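# Secondary and tertiary structure notes
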Amino acid sequence: MTQPDSMVQDSVIGLYRANITSTARLVSTSVGRSELLDDLLDKLRRRGAKKSGQHMLLIGPRGIGKTHLLNLLQYGLEQDPKLTVQFRTVRFPEENNRLLSFADLLLGIVEILGSGDGDDQWAELYRELHVEEDDVLIIDRILPRLKQWCQESGNTLLLLMENLDVLVTQQIKKPRDIHRLRSFLMDSPHVLLVATSPAFFPGLNDVRHPLYDFFDIQVIGELEEAQTLELIRLNLEWDGRRELLERFDKLVPRIRALHTMTGGNPRLTMMLYELIGHEKLLEVRTQFHKLLDGISPFYQDRIKELPAQERAVLETLALMREEPRTPARVARRLRKSAQQTSTLLKRMTDAGYLSVSPNPEDKRSRLYRIKEGFFDIWLAMSQSRVQRRYLPYLVDFFTRWYAEPEEREEKRCELRQKLEGAGDRETLDYLTEVGPADERTQAKLDLAVRQLRDGLKGRGVDLLHEVKIPTQSNGIFIWMHEQARRWAGGELEPNIRKRMEGMIEYWQEQRSGRLETAARLAHELGMDFTGSGLHRINIALQRDLLRGLSDPAKRIVALHDMSRSQFMDGQIPEALRTFEEILEASRRQGDRKQEGIALNNISQIYDARGDYDTALGYLKQSLAIQQEIGDKSGEGTTLNNISQIFRARGDYDTALGYLKQSLAIRQEIGDKSGEGTTLNNISQIFRARGDYDTALGYLKQSLAIQQEIGDKSGEGTTLFNMGHIHLQNEEVQEAVSAWVQAYRLARPMQLAQALDALAQLADRLGLAGGLQAWDELSKKTGD
């Protein structure tokens, strides 16, 4: 859309006074009213031709655009040459406080006619009559002159009048004057009234009232969401806001939130228009407070228009911030019967004040809310008098204004970076109250950990008290909360702090929509959790990642990480289901390597169950795939695993054959970790045969490799195995020494092996000797 250069600087918007906004802007930025405007103009054309037809009344709440529509109607009439000839427009001011009788109304018409185009006859008539006290004399002088003038000029007087409800219910109170008004409008084919009213007033529905069934009534509805978007876009174009138009798509969620807050009310939308371009949270919040203050007269008028019981319903709903707004709960708050409350709720829904939706938690009931979100927030301001940490209306505002999780996280990140300086701590606190339950918990734990890390123990503890763990928590929140409390008490080890900070970083990346980075962090954290025996935390982490992860390859990685912890945690059926899911996903993707790995992992389940035939079947399928695609690493692993099946069956020769094939491959490709594992397994074959020296030789080779590459877990296992062989050779001191080293390397993972070692000592040396040796071991380990 283009506009003349003279209009580019005109960005003034009249929110309450129609004459502030230029007609050009009104026309160029008008949305959602074209159909009604065309209908009104068409009725004027037909009326002008035959001098008959109903007078028109436009009804809609304050701010809906009634004045705007009258402006467009007047402009449309002026642009149509035929209508310009047929009609003479008499536009009354929006406030008509001087019109207290029918005579005052006629004087008003004469005054406007006299000032419109310098018509001396009307100006002179007004000067003669404007101080006349006799209403009958005024009526008798003006009515014939109007009729004569219309007949001579061929014009129809088009009266444009706002707030007709106030005029006929509060200002012109004498029944005789109301009847005179009706007769004037009904018996004068040369007069047409187009009026507005914010609501239906009693006379329209009362058969005894002179104005009953008198008007062609048109109800002006709220803008739809698409129309609100268009309204903002057109105003941005008019104001030349190119920087915002270029990223309009990114503004759409914010405009949708604005639409929800205003309920599609155009005036409210334009009052909030300047908020659209704000990026700084502090400015947004300040502007929001100013708007709430400035808009108070608007809403105070809305409230005054309602009966007392309906006002009570609105305020009750506004105060129900943390409970379902069902009819039963509203009735309890109002202290009225269910029937009375239902009647009130239905009446206000029909009038457009409320909207209703099914209750997702109870299909038999319904939930009510105030249709205009901003009206709801304004009413809730009364709670600001209560000493609460978080004001509900501000929480509601941020919830609607930052509707997308990525945008919320962007703002949190922006504020966190400023905390070291003059950061807006209050707004950041509010943003921990926004979003779904999981997100709020994450944000509070995030901020609490940062406060503890920065030495702000008191603030961190306060936040921990505010954390509400969701009922369906996945376990991570409980773990994080417990560790944070330990941190606040000064008990937390540095390595656990590092894991917590890693989890915080993972949450941030996930909420920001950077799922690739989140997946990488989850994998790294998962390896750490698994290595530390925190299998259930890792399972919860991977499940959390999988909920939002769509990339097939990354899903397979996450499933592998989860299945490993399930298997090691003894969740065998769950691990098998995960392995099978990986197998199915790999086959869908045509990923032969992952298919081979999945088959190998499934075999371990059946191996653990003692179903060696089934396990061997899966291993042979895996081996065939790995040899087909040249996956040497996978082939080495599978050969090693096949060997364990034959070892379990007591077929040591066959087992040794597979192990030697595995060892050759692992040495060929430089797989040091795999080489160390295979050497360890070969040692167990010789140990089972009673050849302890050869077994010990292989274990020493394995230990050297594990120490070289820093494989602490493997080193611990090898040392325990060496201890057993020393014990078999009755080298008790050497056995104890090996176990001491092993236990120090990986205490949490070696408890079962330590108990096994105690049993073997007691068996070999007798109970007393075994306990004495174990006592010596305990002293050396410090346990």
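All values reported here derive from a predicted model rather than from experimental measurement.

Counting secondary structure elements, the chain contains 39 helices and 7 strands. Within the chain, the proportion of its 783 residues that are buried is 50%. Intrachain contacts of the chain at a sequence separation of at least 6 include 64% that bridge at least 24 residues. About 37200 Å² of surface is accessible on the chain, with carbon and sulfur atoms providing 48% of the total.

Here we come to the sheet that holds strand S1 (residues 55-59). Through backbone hydrogen bonds, the strands of a sheet pair up, either in parallel or in antiparallel fashion. Strand order in the open sheet formed by 5 strands is S2-S3-S4-S1-S5, and the pairing between neighbours is parallel. Among the strands making up the open sheet, the edge pair consists of strand S2 (87-91) and strand S5 (215-219). Across the sheet, the axes of successive neighbouring strands diverge by a mean angle of 20 degrees, strand direction being ignored. Where helix H9 (residues 175-187) meets the sheet, it contacts S1, strand S3 (156-161) and strand S4 (191-197), and its direction lies at approximately 125 degrees from that of S4.

According to the stated counting rule, one finds 48 salt bridges in the structure shown. For the salt bridge of glutamate 222 with lysine 371, the shortest nitrogen-to-oxygen distance reads 3.8 Å. With glutamate 222 in the loop between S5 and helix H10 (225-238) and lysine 371 in the loop between strand S7 (366-370) and helix H19 (373-380), the pair connects residues that are 149 residues apart, well separated along the chain. Judged by its relative accessible area of 29%, lysine 371 is partly exposed. Of the charged contacts in the structure, one is a salt bridge between aspartate 429 and arginine 459, with a shortest N-O distance of 2.9 Å. Placement of the pair is aspartate 429 in helix H22 (residues 425-431) and arginine 459 in helix H24 (residues 457-466), with a sequence separation of 30 residues. Beyond isolated ion pairs, a larger network of salt bridges with shared partners links Arg408, Glu409, Arg412, Glu439, Asp446, Arg450 and Arg511.

If you check the backbone angles, asparagine 163 has positive phi at about 55 degrees while not being a glycine. Locating asparagine 163 in the fold gives a position in the loop between S3 and helix H8 (164-171). For asparagine 163, a relative accessible area of 10% translates into the label buried. One non-glycine residue, aspartate 213, lies in positive phi territory at about 55 degrees. By the element assignment, aspartate 213 lies in the loop between S4 and S5. Judged by relative accessible area, aspartate 213 falls into the exposed class, the value being 62%.

For the rest of this paragraph, the subject is the packing of aromatic side chains. All told, the structure shown has 9 aromatic pairs when counted by the stated rule. When the ring of tyrosine 606 is compared with that of tyrosine 618, the centres are 5.7 Å apart and the planes differ by 10 degrees; the resulting orientation is stacked. Of the two residues, tyrosine 606 is situated in helix H31 (residues 592-609) and tyrosine 618 in helix H32 (residues 612-629); the sequence distance between them amounts to 12 residues. By relative accessible area, which is 15% here, tyrosine 606 ends up buried. Ring plane angle 15 degrees and centroid distance 5.5 Å describe the contact between phenylalanine 686 and tyrosine 698, whose orientation is recorded as stacked. Of this pair, phenylalanine 686 sits in helix H35 (residues 672-689) while tyrosine 698 sits in helix H36 (residues 692-709); the two residues are 12 residues apart in sequence, bridging distant segments of the chain. Accessibility assignment for this pair places phenylalanine 686 and tyrosine 698 in one class, buried. The residue whose ring lies beneath arginine 609 is tyrosine 606, and the NZ or CZ to ring-centre distance is 5.7 Å. The lysine or arginine in question, arginine 649, covers the ring of phenylalanine 646, its NZ or CZ lying 5.9 Å from the ring centre.

This brings us to the environment of leucine 521. With respect to the secondary-structure elements, leucine 521 resides in helix H27 (residues 515-531). Along the primary structure leucine 521 and methionine 503 are separated by 18 residues, whereas in three dimensions their C-alpha atoms are 8.2 Å apart. If near-sequence neighbours (up to four positions away) are discounted, leucine 521 is found in contact with Glu505, Tyr506 and Glu509.

Bringing the packing of helix H26 (residues 494-511) against H27 into the picture now. When two helices pack together, their arrangement is given by the angle between the helix axes and the distance between those axes. Where H26 meets H27, the axes come as close as 8 Å, and the angle between the chain directions of the two elements is 155 degrees. By the angle between their directions, the pair H26 and H27 is classed as roughly antiparallel. The handedness of the crossing between H26 and H27 is left-handed. On H27, the residues that touch Arg499, Gly502, Met503, Glu505, Tyr506, Glu509 and Gln510 of H26 are Leu515, Thr517, Ala518, Leu521, Ala522, Leu525, Asp528 and Phe529. When its residues are assigned to classes, the contact of H26 with H27 shows 8 nonpolar, 3 polar and 4 charged.

All right, on to the environment of glutamine 604 then. Here glutamine 604 lies in helix H31. Here the alpha-carbon distance between glutamine 604 and leucine 619, two residues 15 residues apart in the chain, equals 8.9 Å. Sequence-distant contacts of glutamine 604, defined by excluding residues within four places in its chain, comprise Phe567, Leu619 and Asn641. Reaching out from glutamine 604, the side chain makes a polar contact with the side chain of serine 603 at a distance of 2.9 Å.

With that settled, consider the nonpolar core. Counting residues in each nonpolar core, the largest one holds 145 residues, and the members touching the most others are Leu314, Leu354, Phe375, Met480, Met500, Tyr506 and Trp507. Grouped together as the second largest cluster of nonpolar side chains are 43 residues, Ile59, Ala103, Ile138 and Met161 included.

Now for the confidence of the model for the chain. Summary statistics for the chain give a mean pLDDT of 84 and a share of 87% for residues scoring 70 or more. Predicted confidence is poor over residues 1-11, with pLDDT under 50, and the contacts of this stretch with residues over four places away or in other chains come to 16 contacts.

Between its first and last C-alpha, helix H37 (residues 712-728) extends 25 Å over 17 residues, near the 24 Å set by a 1.5 Å rise per residue. In terms of burial, H37 is largely enclosed, as 13 of its 17 residues are buried. Backbone nitrogen of glycine 714 and a side-chain oxygen of the N-cap are separated by 3.0 Å at the start of H37; the cap is aspartate 711. Phi for glutamate 730, located one or two positions after H37, is positive at around 60 degrees.

We now examine the side chain of asparagine 265. Looking at where asparagine 265 falls in the secondary structure, it is placed in the loop between helix H12 (248-262) and helix H13 (266-271). Side-chain polar atoms of asparagine 265 contact the backbone oxygen of arginine 62, separated by 3.0 Å.

Another point: the side chain of glutamate 310. Residue placement: glutamate 310 occurs in helix H16 (residues 308-319). Excluding anything up to four places from it in sequence, glutamate 310 contacts Leu344, Arg347 and Met348.

In this model helix H38 (residues 732-745) runs 20 Å from its N-terminal to its C-terminal C-alpha over 14 residues, within 8% of the 20 Å that 1.5 Å per residue would give. All of the buried residues along H38 are Val732, Ala735, Val736, Ala738, Trp739, Val740, Ala742 and Tyr743.

With that settled, the discussion passes to the pairing of S2. With 4 of 5 residues buried, S2 is to be regarded as a mostly interior element. Here S2 pairs with S3 via 5 bridges, running parallel. What sits directly across from arginine 88, in S3, is leucine 157.

Attention now moves to the packing of helix H25 (residues 476-488) against H26. Contact geometry of H25 with H26 gives a least axis separation of 11 Å together with a crossing angle of 135 degrees. By the angle between their axes, H25 is oblique relative to H26. For H25 against H26, the interelement crossing comes out left-handed. On H26, the residues touching Ile476, Phe477, Trp479, Met480, Gln483, Ala484, Arg486 and Trp487 of H25 are Ile496, Arg497, Arg499, Met500, Glu501, Met503, Ile504 and Trp507. Of the residues in the contact of H25 with H26, the class split is 11 nonpolar, 1 polar and 4 charged.

For the rest of this paragraph, the subject is the environment of serine 603. Here serine 603 lies in helix H31. Taking C-alpha positions, serine 603 is 8.7 Å from asparagine 641, a pair spaced 38 residues apart along the chain. The residues contacting serine 603, other than those within four sequence positions of it, are Ala615, Tyr618 and Leu619.

Calculation rules
Each chain has its residues counted from 1, running along the sequence as written. Confidence filtering applies because this is a predicted model: local features only for residues at pLDDT of at least 70, side-chain atom pairs given and counted only at 80 or more, and all residues used for totals across whole chains, interfaces and linings. As a convention, hydrogens and water are excluded, and side-chain values are obtained from all of the structure's heavy atoms. Per the convention used, a helix needs a DSSP run of H or I reaching at least four residues, while a strand needs a run of E reaching at least two, with both numbered from the N terminus. A 1.4 Å probe rolled over the protein chains alone gives each residue an accessible area, and that area as a share of the maximum for its type sets the label: buried under 20%, exposed over 50%, partly exposed in between. Any two residues whose heavy atoms approach within 4.5 Å are treated as being in contact. Only the protein chains shown count as cover for residues, with accessible areas throughout obtained via the Shrake-Rupley method and a probe of 1.4 Å. DSSP calls a pair of strands paired once it identifies at least 2 bridges connecting them. Comment: axis = line fitted to C-alpha atoms, over the contacting stretch for helices; angle = value between 0 and 180 degrees taken between N-to-C directions. Note on definitions: salt bridges are taken to be side-chain nitrogens of Lys or Arg within 4 Å of carboxyl oxygens of Asp or Glu. Pairing of aromatic rings covers Phe, Tyr and Trp, the last through its six-membered ring, and needs centres within 6.5 Å; plane angles under 30 degrees mean stacked, over 60 mean edge-to-face, and all others mean tilted. Note on criteria: charge over ring means Lys NZ or Arg CZ within 6 Å of the ring centre, with the direction from the centre no more than 35 degrees off the ring normal. Any angle from 65 to 115 degrees is called roughly perpendicular, while one under 35 is roughly parallel, one over 145 is roughly antiparallel, and all others are oblique. It is the rotation of the near helix from the far one that decides the hand of a crossing: anticlockwise by less than a right angle makes it left-handed, clockwise makes it right-handed. Note on residue classes: Ala, Val, Leu, Ile, Met, Phe, Trp, Tyr, Cys and Pro are nonpolar, Asp, Glu, Lys and Arg are charged, and everything else, Gly too, is polar. For this analysis, a polar contact is any N or O atom pair within 3.5 Å, provided that within protein one partner can donate a hydrogen and the other can accept it, and provided that sequence-adjacent residues contribute only side-chain to side-chain pairs. To qualify as a nonpolar core, a set must consist of buried Ala, Val, Leu, Ile, Met, Phe, Trp, Tyr and Cys residues joined through side-chain atoms within 4.5 Å. As a per-residue quantity, pLDDT reports the predictor's confidence and falls between 0 and 100. Take the number of residues in a helix, subtract one, and multiply by 1.5 Å to get its expected span.

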